[in-house]
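Architecture and fold: a report
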Amino acid sequence: MKWIPLILTIVCTHVKAQVINHSYAHPDKVSYHHLHWQAKVNFQSQCIEATATYDLKPHDDHPLILDTKGLEIQQVKSDGVVVPYELGKTEDPILGRPLIIQVKSSVKQVSVTYKTTAASEALLWVEGDSPFLFTQSQAILARSWIPCQDLPALRFTYSADVEVPNGLMALMSASNAHQKAVAKKGASTVEYHFEQRKTIPSYLMALAVGNIEFAAISNRCGVYATPDQLNLAHTELADLEKMIVAAEKLYGAYQWDRYDVLILPAAFPFGGMENPMLTFATPTILAGDKSLVSLIAHELAHSWSGNLVTNETWDDFWLNEGFTVYFEFRIMEELYGKEVSEMLAALSIQDLYQTMEELAPVDTHLKLHLKDRNPDDGMNDVAYNKGYWLLRTIEERVGRPKMDAFLKNYFTHHAFGVMNTERFLALAKKDLMDPGNYRFIAPEAWIYQPGVPENAYPIVSQKILETDDWIARCNASDEGIKQLPWKEWSYQQQYRFLTNWQCPSADKLNEFNQRFGVSKTGNSEILFAWLMMCIQMSVWDDANEQVMSHFLGSVGRRKFIAPLYKAMIKAHQRERALGYFDRYQQTYHAVTRNTIVEHLKSE
Ligand SMILES: [Zn+2]
């Protein structure tokens, strides 16, 4: 991993802003409990013009410090009166710059009028016949579209009025009363009103605007998508209500009123983002056979782990993600049985070992060390899968009833609050593990040391073991391939095979494709694994080149796209990688693009 040196202190005329946890803000001095956002979205200029108004908590005389990045600040008002402000002189490449506003203790409300710019990294403006805009705020990009105290430990409620071109729908991580859009004068724009009455941290602020339609699944959940995706999305997510019921049965009532899923354009850099009330999801989960719905179980689980109980700093990220993977697999077990959840668990362990090979040992601790670094550096399989494995090991040791009682209590008692690793450890010691179990599991070793401790519970999936037998047979002889029950396999088994089979030659790889039609699959995980094999074996015939080009040009999900570029560099195909990047980089979100740029720079 690359370390990025930062200038941590920006000296302004009167105020020294010291960075704490990736934010310039001092919410302990002056902070806000509610944010109102008045915005106009302009697709022509690819710009949002907005005023953010903050209702301050009681405070002493002290400056209000907000994080900003790539914003053009135009005016600041304090209780309705225009006041001077200071903006950090230089923009830090990761943190942006602080906006410093002097406020007397009597001031109740501050507002900032500003514009987003091309450097507003959270925003992706998708061009084409049907324009689309979406945001991705996690980890610290909320500041690039709304000035805010951009740290996960600070929660606030928000409301918004958003004006968009007539014919487009706006959605936020809030109540989405889309039927009630109000036409503005001249009818060229409409205005949508949003309310988020529950407190959330800034990284859960989200906006999407586009030609979007809605289809209900139950009276409290449904799916939003562009018209061409709506039917497929509605069929694929048919089990959504069942998932919510299963989740509630495990860890208590759903707290956020509605739960809807928005299927975004393919440029979305992640699998999903757990924006409250409205999960943002990549269309790459629409496999046509519901084989990738575990991603939705994951985002739904975040409605408890992450959104209700939030990691205090990004170093504690595993509290968001490890708990969510654990919860996701439990939901999958409820709906589809233990065999499916165990296959998912076995693959998560495979991914974890693969990721750990590439990381410095210190980056394989559960508690991360992200001070002076981009928090994105910590957002890899370790927080997710090693975190899961620790919780699974605890469950197997203390028993499921005790684990479930603890987690239900954890989500109830700490709802709408924050948690850090040390407080979790203290709670677990008190309520989850008796002294004998605590000594056996030794959670500190998982949390503060590299790799995976020897006491990790051995996860065994019968179906994955069967697949491994087939892999051994096929590695030993060609005859194995002819008898392979490929079509009967679940996607997890197919994925296991493709990521472990040692294909002997490019010809055999093509033969395999002709036999099983792998490159025509609708399952993006399988297609990705296939394309990785093509790169590793230098299979660049026209047909495969076309599949590769189409995938790189139509998918923006970082998990798929970045490793493909990285593999090309490793396979001495730099020119080819640069050619693709040149052609498609404009279609990628900054999150994906930045990672690829790092790979392209490497040897
Ligand atoms: Zn997650």
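Residues numbered from 1 in each chain as written. Predicted model: local features only at pLDDT ≥ 70, side-chain atom pairs only at ≥ 80, totals over all residues.

Let's shift gears to the overall build of the protein. Per the secondary structure count, the protein includes 19 helices and 25 strands. Over its C-alpha trace the protein gives a radius of gyration of 24 Å, about what one expects of a compact globule, namely 25 Å for 603 residues. With respect to the principal axes defined by its C-alpha atoms, the protein has extents near 80 × 60 × 50 Å. (Helix = DSSP H or I, 4+ residues; strand = E, 2+ residues; numbered from the N terminus. Rg over C-alpha atoms; globule rule 2.2 N^0.38 Å.)

The next subject is the domain arrangement of the protein. Once the domains are mapped, the protein shows domain 1 (1–118 + 137–200), domain 2 (309–448) and domain 3 (503–601). Taken together, the contact between domain 1 and domain 2 spans 15 residues of the former and 17 residues of the latter. Here the residues of the side of domain 1 that touches domain 2 sort into 10 nonpolar, three polar and two charged. (Domains from an automatic or database assignment. Contact = placed C-beta atoms within 7 Å. Nonpolar A, V, L, I, M, F, W, Y, C, P; charged D, E, K, R; others polar.)

Q138 connects to A139 through a cis peptide bond whose omega is 0 degrees. As for its position among the elements, A139 is in the loop between β12 (132–135) and β13 (156–165).

The strands that make up a sheet are held in pairs by hydrogen bonds between backbone atoms, and each pair lies either parallel or antiparallel. Read from one edge to the other, the open sheet built from three strands follows the order β5-β9-β8, with strand pairing classed as antiparallel. Every other strand in the sheet has two partners, leaving β5 (62–68) and β8 (86–87) as the edge strands with one partner each. For β5 and strand β9 (residues 97–103), the ladder comprises seven bridges, and the chain directions are antiparallel. Bridged to L64 within β9 is I101. (Pairing = 2+ DSSP bridges.)

Turning our attention to the nonpolar core. Counting residues in hydrophobic clusters, the biggest one holds 170 residues, and the most contacted among them are A208, L262, I263, F280, I296, W530 and L531. In terms of residue count, helix α4 (residues 317–336) provides more of this core than any other element does, 10 residues in total. If we ignore the near neighbours within four places in the chain, the residues touching I263 are V223, A225, Q229, A233, A281, P283 and L286. (Core = buried A, V, L, I, M, F, W, Y, C linked by C-beta atoms within 7 Å. Buried ≥ 20, exposed ≤ 12 C-beta atoms within 10 Å, placed from the backbone.)

On to the environment of E127, then. Within the secondary structure, E127 sits in the loop between β11 (123–126) and β12. Here E127 falls in the exposed class, since 11 other C-beta atoms lie within 10 Å of it. In this structure, the C-alpha to C-alpha distance between E127 and F43, residues 84 residues apart in sequence, is 9.0 Å.

Where helix α15 (residues 524–536) contacts helix α16 (residues 542–554), the two axes come as close as 11 Å, and the packing angle between them is 125 degrees. For the element pair α15 / α16, the angle class is oblique. Crossing of α15 over α16 shows left-handed handedness. Residue-level inspection shows L527, L531 and C534 of α15 in contact with α16, the latter providing N544, V547, M548 and F551. For the contact of α15 with α16, a count of residues per class yields six nonpolar, one polar and no charged. (Axes fitted to C-alpha atoms, helices over the stretch in contact; angles between N-to-C directions. Parallel < 35°, antiparallel > 145°, perpendicular 65-115°, else oblique. Left-handed = near helix turned anticlockwise from the far one by under 90°.)

Turning our eyes to something else, we now look at the environment of D150. Mapped onto the elements of the fold, D150 is located in the loop between β12 and β13. C-beta crowding within 10 Å serves as the criterion here: with 29 such atoms nearby, D150 is assigned to the buried category. Separated by 12 residues in sequence, D150 and Q138 place their C-alpha atoms 9.8 Å apart. When neighbours within four sequence positions are excluded, D150 is seen to be in contact with S23, D67, I140, A142, R143 and S202.

Where helix α11 (residues 462–476) contacts helix α13 (residues 491–498), the axes come no closer than 9 Å and their chain directions differ by 35 degrees. α13 is crossed by α11, and the crossing has right-handed handedness. Seen from α11, the contacting residues are K463, I464, T467, W470 and I471; seen from α13, they are Q493, R496 and F497. When the residues that make up the contact of α11 with α13 are grouped by side-chain class, the tally is four nonpolar, two polar and two charged.

With that out of the way, let us pick up the pairing of strand β4 (residues 47–56). Of the pairings in the sheet, the one linking strand β3 (residues 32–42) to β4 comprises 10 bridges and is antiparallel in character. By the bridge assignment, L35 is partnered in β4 with Y54. The turn linking β3 back onto β4 is made up of four residues, and Q46 within it adopts a positive phi angle of 45 degrees.

A few words now on helix α19 (residues 590–601). Look at α19: 16 Å from first C-alpha to last across 12 residues, which is about the 16 Å you get at 1.5 Å a residue. All buried positions along α19 are accounted for by V591, T592, R593, T595 and I596. Here the buried face of α19 lies against α17 (558–570) and α18 (574–584). (Expected span 1.5 Å × (residues − 1).)

Right, let's talk about the sheet that holds strand β20 (residues 221–225) for a bit. One open sheet holds the five strands; their spatial order is β19-β20-β21-β23-β22, and the pairing between them is mixed. With one partner strand each, in any of the chains shown, β19 (213–216) and β22 (272–273) form the two edges of the open sheet. Sheet topology places strand β21 (residues 259–263) next to strand β23 (residues 278–281); four bridges connect them, and they run parallel. By the bridge assignment, D260 is partnered in β23 with L278. Packing against the sheet, helix α1 (residues 227–236) makes contact with β19, β20 and β21, and its axis sits at approximately 150 degrees to β20. Against the sheet, helix α3 (residues 294–301) touches β21, β22 and β23, its axis set at about 140 degrees to β23.

Note on placement: V76 falls in strand β6 (residues 71–78). For the pair V76 and V112, spaced 36 residues apart in sequence, the C-alpha to C-alpha distance is 4.6 Å.

Right, let's talk about the pairing of strand β18 (residues 207–210) for a bit. Side chains L207 and V209 project from β18 onto one buried face, and the interleaved A208 and G210 project onto a second face that is buried too. Here β12 runs beside β18; their pairing, made up of two bridges, is antiparallel. Its bridge partner lying in β18, L133 is registered against V209. Judged from the four bridges that link them, strand β14 (residues 169–172) and β18 form a sheet pairing that is antiparallel. By the bridge assignment for β18, L171 is matched with A208.

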